[in-house]
Amino acid sequence: MNFTSINDISSPVQLLELAKQIKLKPFDYREFGQNKTLGLLFFNPSLRTRLSTQKAANNLGMDVIVMNVGQDGWQLEMDEGVVMNGSKQEHIKDAVAVLSQYCDIIGVRTFASLNDRKADYEELVLKQFLKYTHVPIISLESATLHPLQSLADWLTIEEHKVAHKPKVVLTWAPHVKPLPQAVANSFVEWMKLAEVDLTITNPIGFDLAPQFSKDVKVEHNQDMALAQADFVYAKNWSSYQDYGTIGGEMTDWQITPEKMSLTNNAKFMHCLPVRRNVVVSDEVIDGQNSLVYEQANNRTYAAQAVLLNLLQL
Ligand code: CP
């Protein structure tokens, strides 16, 4: 069993309940991780995912080894059957076979190229890990999904919701450089299972891939979408249609106190890292309705629930 998307989980609701339970007593499951090693591999930078997953594993009694593959490792060849007479020194097949001997679970963060939609959406790098591993793989964010983030976000919404079925608005926000659609795709995928009324709002040309946005309300007028929202989740993503482009500046999509005043005194969410006063104004992110640090804190319990599930198999 692996954890690369919500589809790897037989009961997401049970996983959420486990995360809640672990949050109450984080050190109750230490025997499951004893003498087990978690390997964490990063092809690009991370603060929250790296440290929260490491903390989660430590809470379970696991040893953790971390490697910034993109920076410290040999350059990996991903294609099959190639003559390796170029700059890449090691084949993914060999690297993953070796890692599988050192680790009981491997976490891997890959990243979208943002210039080859087909390759990104086929998750070519993650698929090579899945093909060659002998141990479970956890996605620490892939080219198109970030399931650990989504589980933490769901837990945060559960903890702060007042209405039985709150209105949750995922809003596109401006940015200065192209970002993947992974957090947004994943959030939508998990929210479809939650007891929420979900609306996505984004400028025309920034609709998420149809497999994620189908069956969800998409409103291209941000003000209309924000009306009566209980939760506002802001996130930038580059275009799926004109793949990887950021379009114009569209600074009027920034989440400001004026935008928040359209809502039902909504809680503000963002996965972090965030560009302040580009995506969201200081007043909103530093305001009393901001949940961004709660989301980051819940990353530990989400990761711990996922690890515990895999350890118990
Ligand atoms: N939210 C998130 O994944 O943060 P990092 O990139 O710092 O891990």
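Within each chain, residue numbers correspond to sequence positions counted from 1 in written order. For a predicted model such as this one, the threshold for reporting local features is a pLDDT of at least 70, and the threshold for listing and counting side-chain atom pairs is 80 or more; totals across whole chains, interfaces and linings nevertheless cover every residue. As a convention, hydrogens and water are excluded, and side-chain values are obtained from all of the structure's heavy atoms.

When helices and strands are counted, the chain shows 13 helices and 11 strands. With C-alpha atoms as the basis for the radius of gyration, the globule rule is written as 2.2 Å multiplied by the number of residues raised to the power 0.38. Against the compact-globule benchmark of 20 Å for 313 residues, the chain has a radius of gyration of 20 Å, which places it among compact chains. With the C-alpha coordinates aligned to their principal axes, the bounding extent of the chain is approximately 55 × 50 × 35 Å. Note on contacts: a residue pair qualifies if any of its non-hydrogen atoms lie within 4.5 Å across the two residues. Long-range contacts, defined here as pairs at least 24 residues apart, represent 77% of the contacts in the chain between residues at least 6 apart. Accessible area for the chain stands at about 14000 Å²; split by element, carbon and sulfur atoms hold 50% of it. Counted as positive: Lys and Arg. Counted as negative: Asp and Glu. His and the chain ends are not counted at all. To locate a charge, the coordinates of NZ of Lys, CZ of Arg, CG of Asp or CD of Glu are taken. A distance of 3 Å separates the average location of the 28 positive side-chain charges in the chain from that of its 36 negative side-chain charges. By definition, any uninterrupted DSSP run of H or I lasting at least four residues is a helix, any uninterrupted run of E lasting at least two residues is a strand, and each is numbered from the N terminus. What sets the accessible areas is the Shrake-Rupley method with a 1.4 Å probe; for residues, cover comes only from the shown protein chains.

Another point: the pairing of strand β7 (residues 167–172). A 1.4 Å probe rolled over the protein chains alone gives each residue an accessible area, and that area as a share of the maximum for its type sets the label: buried under 20%, exposed over 50%, partly exposed in between. In terms of residue burial, β7 counts as a mostly covered element, since 6 of its 6 residues are buried. Here β7 shows no split at all, with Lys167, Val169 and Thr171 on one side and Val168, Leu170 and Trp172 on the other all buried. Summarising the sheet, β7 and strand β8 (residues 197–201) pair through 5 bridges and their orientation is parallel. Counted as the bridge partner of leucine 170 is isoleucine 200 from β8. Viewed with both strands pointing away, a crossover whose connecting path from the first strand over the helix to the second turns clockwise is right-handed. Assessed by its sense of winding, the connection that carries the chain from β7 through helix α8 (residues 182–191) to β8 is right-handed. The pairing criterion is simple: DSSP has to find at least two bridges between the two strands. Relative to strand β10 (residues 231–235), β7 runs parallel, the two being bridged by 5 bridges. Note that in β10 the partner of valine 169 across the bridge is valine 232.

On domain assignment, one finds that the chain holds domain 1 (6–145 + 299–311) and domain 2 (149–296). Once you take the C-alpha centre of each, domain 1 and domain 2 turn out to be 26 Å apart. Roughly 2500 Å² of surface becomes buried between domain 1 and domain 2 when both sides are summed, with 67% attributable to carbon and sulfur atoms. Salt bridge, as used here, is a side-chain nitrogen of Lys or Arg placed within 4 Å of a carboxyl oxygen of Asp or Glu. Our count for the domain 1 to domain 2 interface comes out at 2 salt bridges. The salt bridge partner of lysine 20 is glutamate 158, with a shortest N-O separation of 3.5 Å. Delimitation of the domains relies on an automatic or database domain assignment. What counts as buried area is the accessible surface, traced by a 1.4 Å probe, that two parts surrender upon association, with contributions from both included.

If you walk through the whole model with that rule in mind, you get 11 salt bridges. Lysine 23 is the partner of glutamate 159 in a salt bridge, and the nearest nitrogen-oxygen pair spans 2.9 Å. With glutamate 159 in helix α7 (residues 147–160) and lysine 23 in helix α1 (residues 12–24), this pair connects stretches of sequence that are 136 residues apart. For glutamate 159, a relative accessible area of 37% gives the class partly exposed. Taking relative accessible area as the criterion, lysine 23 reaches 26% and is therefore assigned partly exposed. Residue aspartate 286 pairs with arginine 276 through a salt bridge whose shortest N-O separation is 2.9 Å. Of this pair, aspartate 286 sits in the loop between α12 (282–285) and α13 (292–311) while arginine 276 sits in the loop between β11 (267–269) and α12; the two residues are 10 residues apart in sequence, bridging distant segments of the chain. Taking relative accessible area as the criterion, aspartate 286 reaches 49% and is therefore assigned partly exposed.

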